[in-house]
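Structural overview for review
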Amino acid sequence: MSAESLPSQSCDQAEVNEETKAGNYFVSNYPPFHFWDPGTARHLPELLDVPSAIETPLGLYFHIPFCRKRCHFCYFRVYTDKNAGEIQRYLDAGIRELERYARAPFVNGRLPQFVYFGGGTPSYLSVPQLRSLTDRMKALLPWTAAQEVTFEAEPGTLNEAKLHAIRELGVTRLSLGVENFDSHILEINGRAHKADEIQRAYKAARAAGFPQINVDLISGMVEETDENWRENIRKLVDMAPDCVTIYQMEVPYNTGIYKQMKVDGKLVAPVADWATKRGWVDYAFTQLEQAGYTVTSGYTAVRDPSKTKFVYRDSLWKGADLIGAGVASFSHIGGVHFQNVAEIGQYIDTVEAGELPASRALATTPEERMIRELILQMKLGRVDSSYFQQKFAEDVRVRFGAQWSDLASRGLGEWDSGGFVLTRAALLKVDTLLHAFFLPQHQNSRYT
Ligand SMILES: C[S@@+](CC[C@H](N)C(=O)[O-])C[C@H]1O[C@@H](n2cnc3c(N)ncnc32)[C@H](O)[C@@H]1O
Ligand code: SF4
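This report concerns the structure included in the present document. All values derive from a computational prediction rather than experimental measurement. (Residues numbered from 1 in each chain as written. Chains lettered and ligands numbered in written order. Predicted model: local features only at pLDDT ≥ 70, side-chain atom pairs only at ≥ 80, totals over all residues.)

Turning next to the site of ligand 1. Taken together, 20 residues lie around ligand 1, and Glu 152, Glu 154, Gly 177, Asp 216 and Tyr 247 are the ones closest in. Where the shell around ligand 1 is concerned, the elements lending two or more residues are strand 2 (114–119), strand 4 (173–179) and strand 5 (212–219). When grouped by side-chain class, the residues that make up the shell around ligand 1 number 10 nonpolar, 5 polar and 5 charged. (Near = placed C-beta within 6 Å. Helix = DSSP H or I, 4+ residues; strand = E, 2+ residues; numbered from the N terminus. Nonpolar A, V, L, I, M, F, W, Y, C, P; charged D, E, K, R; others polar.)

Further remarks concern the environment of Lys 307. Summarising the element assignment, Lys 307 is placed in the loop between strand 8 (300–302) and helix 12 (311–316). Exposure remark for Lys 307: the 10 C-beta atoms within 10 Å place this residue in the exposed category. Along the backbone, Lys 307 and Asp 242 are 65 residues apart, and their C-alpha atoms lie at a distance of 9.2 Å. (Buried ≥ 20, exposed ≤ 12 C-beta atoms within 10 Å, placed from the backbone.)

Moving on, we get to the nonpolar core. Side chains of nonpolar character tend, in soluble globular proteins, to be buried together. Ranked by internal contacts, the top residues of the largest apolar core, which has 124 residues, are Leu 176, Val 244, Val 251, Leu 374 and Ile 375. What Ile 375 contacts, discounting residues up to four positions off in sequence, is Val 27, Tyr 30, Leu 434 and Phe 437. (Core = buried A, V, L, I, M, F, W, Y, C linked by C-beta atoms within 7 Å. Contact = placed C-beta atoms within 7 Å.)

Interhelical geometry of helix 4 (residues 84–102) versus helix 13 (residues 344–352) gives an angle of 50° and a closest axis separation of 9 Å. Comparing their axes, helix 13 and helix 4 come out oblique. The interaxial crossing formed by helix 4 with helix 13 has left-handed handedness. Seen from helix 4, the contacting residues are Arg 89, Tyr 90, Ala 93, Arg 96 and Glu 97; seen from helix 13, they are Ile 344, Tyr 347, Ile 348, Val 351 and Glu 352. Taken together, the residues that form the contact of helix 4 with helix 13 break down as 6 nonpolar, no polar and 4 charged. (Axes fitted to C-alpha atoms, helices over the stretch in contact; angles between N-to-C directions. Parallel < 35°, antiparallel > 145°, perpendicular 65-115°, else oblique. Left-handed = near helix turned anticlockwise from the far one by under 90°.)

In terms of burial, strand 2 is largely enclosed, as 6 of its 6 residues are buried. The side-chain alternation of strand 2 yields two buried faces, one formed by Phe 114, Tyr 116 and Gly 118 and the other by Val 115, Phe 117 and Gly 119. Of the strand pairs in this sheet, strand 1 (residues 58–64) and strand 2 are connected by 6 bridges, and their pairing is parallel. For Leu 60, the partnering residue across the bridge sits in strand 2 and is Val 115. As for the winding sense of the linkage, the β-α-β connection from strand 1 through helix 4 to strand 2 is right-handed. In terms of strand pairing, strand 2 meets strand 3 (residues 148–153) through 4 bridges, oriented parallel. Its bridge partner lying in strand 3, Phe 114 is registered against Glu 148. Taken together, strand 2, helix 5 (residues 127–140) and strand 3 form a β-α-β motif whose crossover is right-handed. (Pairing = 2+ DSSP bridges. Right-handed = clockwise from strand over helix to strand, strands pointing away.)

Laid out in structure tokens, this is it:
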């Protein structure tokens, strides 16, 4: 699962500005998960019976929750102990879940405009598993209208034959979880891959002809230093991927790092503070800009913005429908958010019993949908008032006048002719600025 599209959460400003403490700060959705409930999830079958507006873009997400090793910083639900039979049973359940959506009136003849394989590690699957899975997916909802098919990959799981097969399946955007170029840092953070596997995988991916290769890095892994970070960015610029995504390390409660903090009786995580992590992203963005890249969000730089799009992110941040299949997957259908059960055994049993596996949901109001899109689009560094006027009949300049004035008075942004533009400093800590735009009842709530 792309962290850009993930569950997340909040801690207070002081925490974000200083030491890295346990908890999430990344805001990936709105309203917060605290307000999603099992009762609403039970209405999913009725919702599927109502045809959606055919002009609403439809996307498809498939979650692969398997990894070779669990990274010490990872907060996703992943399994490292499943055999081929168990994996097959999971994939069969995912297809069965998709079958239910594919024949529902809500699809209304639409085909997916974007497809996303997230995890966990989709590249953990073998070529025969991937061929069979994608053939069955395409038979249910053909990819003929898909502008983008993204596939997350861990470098150590890739070889030439697998990369060619993944490209042949129709994947257009390969997202490589590089995280760091130093083998020692990778190892002490629990990554399964080594530095030389990164270069090998990247070369083979280029040879396989993917239209877009993204590289994920994390600023602030355990034992990161200024010197190593500069070396990382030098190697990154040399590599010249089409797109770079840099996350600032957070240490949620369900990570190995937090468990170790508890054993040691520590409140502060053994990683750099927030100002240092932001400084490292700033350094990376500056170097990338000097190499011709354009910064397109608080986390992303692209080499050629006219060619390199991220349809999945941009569609979701503008309110597209998303069918999410698999354990713990998120869906967004006709303004209603859903999340599936988070445990694989329960997920499979529920689907095999012919039930839908959604465990919590929230039916949003038009006002909540407007705020959701506003805060997600702020992560792009610019909010266009005409977009909100047209779509929601809301003048966001007036509606959030106090919030914009506050940001402007702190030197964090200003209005140009049509939009509010965040400064680089604001963009680097954008997740801490979004809560001020939440409705009062959603302020200070935790995302879990
Ligand atoms: C599902 S993983 C990507 C695919 C594959 N599992 C891998 O790691 O190579 C999504 C991304 O989330 C980011 N991520 C995971 N845990 C994080 C954390 N605690 N803080 C910041 N970013 C994190 C990493 O950059 C990772 O590449
Ligand atoms: S490989 Fe990716 S999904 Fe798996 S544990 Fe590591 S960061 Fe998490």
